[in-house]
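Summary of the model geometry
These are the residues of each chain, in order.
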Amino acid sequence: MIINSRKVVMIGCGFVGSSSAFALMQSGLFSEMVLIDADQNRAEGEAMDISHGMSFASPMKIYAGSYDDISDAAIIVIT
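Each chain carries its own residue numbering, running from 1 in the direction its sequence is written. Local features in this predicted model are restricted to residues of pLDDT 70 or higher, and side-chain atom pairs are both shown and tallied only at a pLDDT of 80 or more, whereas totals for entire chains, interfaces and linings draw on every residue. Excluded from the side-chain calculation are hydrogens and water; included are all heavy atoms of the structure.

**A look at the pattern of salt bridges**
- We define a salt bridge as a contact between a side-chain nitrogen of Lys or Arg and a carboxyl oxygen of Asp or Glu at a distance within 4 Å. In the structure shown here, the tally under the stated rule is two salt bridges.
- One salt bridge in this structure joins Lys 7 and Glu 32, with 3.9 Å as the shortest N-O distance. In this pair, Lys 7 sits in strand 1 (residues 4-11) while Glu 32 sits in strand 2 (residues 32-36), placing the two residues 25 residues apart along the sequence. Note on accessibility: Lys 7 and Glu 32 belong to one class, buried.
- Between Lys 7 and Asp 72 there is a salt bridge, with its nearest N and O atoms 2.6 Å apart. With a gap of 65 residues between them, Lys 7 in strand 1 and Asp 72 in the loop between strand 3 (61-64) and strand 4 (73-78) connect regions that are remote in the sequence.
- For every residue, the accessible area obtained with a 1.4 Å probe (protein chains only) is divided by the maximum for its type, and the residue is called buried under 20%, exposed over 50%, and partly exposed between those limits. Residue classification places Asp 72 among the partly exposed positions, given a relative accessible area of 24%.
- Each of the salt bridges in this network shares a partner with another, and the network as a whole consists of Lys 7, Glu 32 and Asp 72. Secondary structure elements follow DSSP: runs of H or I of four or more residues count as helices, runs of E of two or more count as strands, with numbering from the N terminus.

Now the structure itself:
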């Protein structure tokens, strides 16, 4: 399995998860971020909200995903 060293997965999109995801987006350390939450609609909403701040940071692919997207992630954050 090949690990994508520029991919991070955030499990949990509550207050801590969404704030952490926003900070990671601003850091410019990653080129891909997957948001996973028990409420898929919340993960999709947070991905869209964080993407709106992209003009102030490095380009990054941010999307709501599933546990299948974890397999090649370099870092997995559980909040």
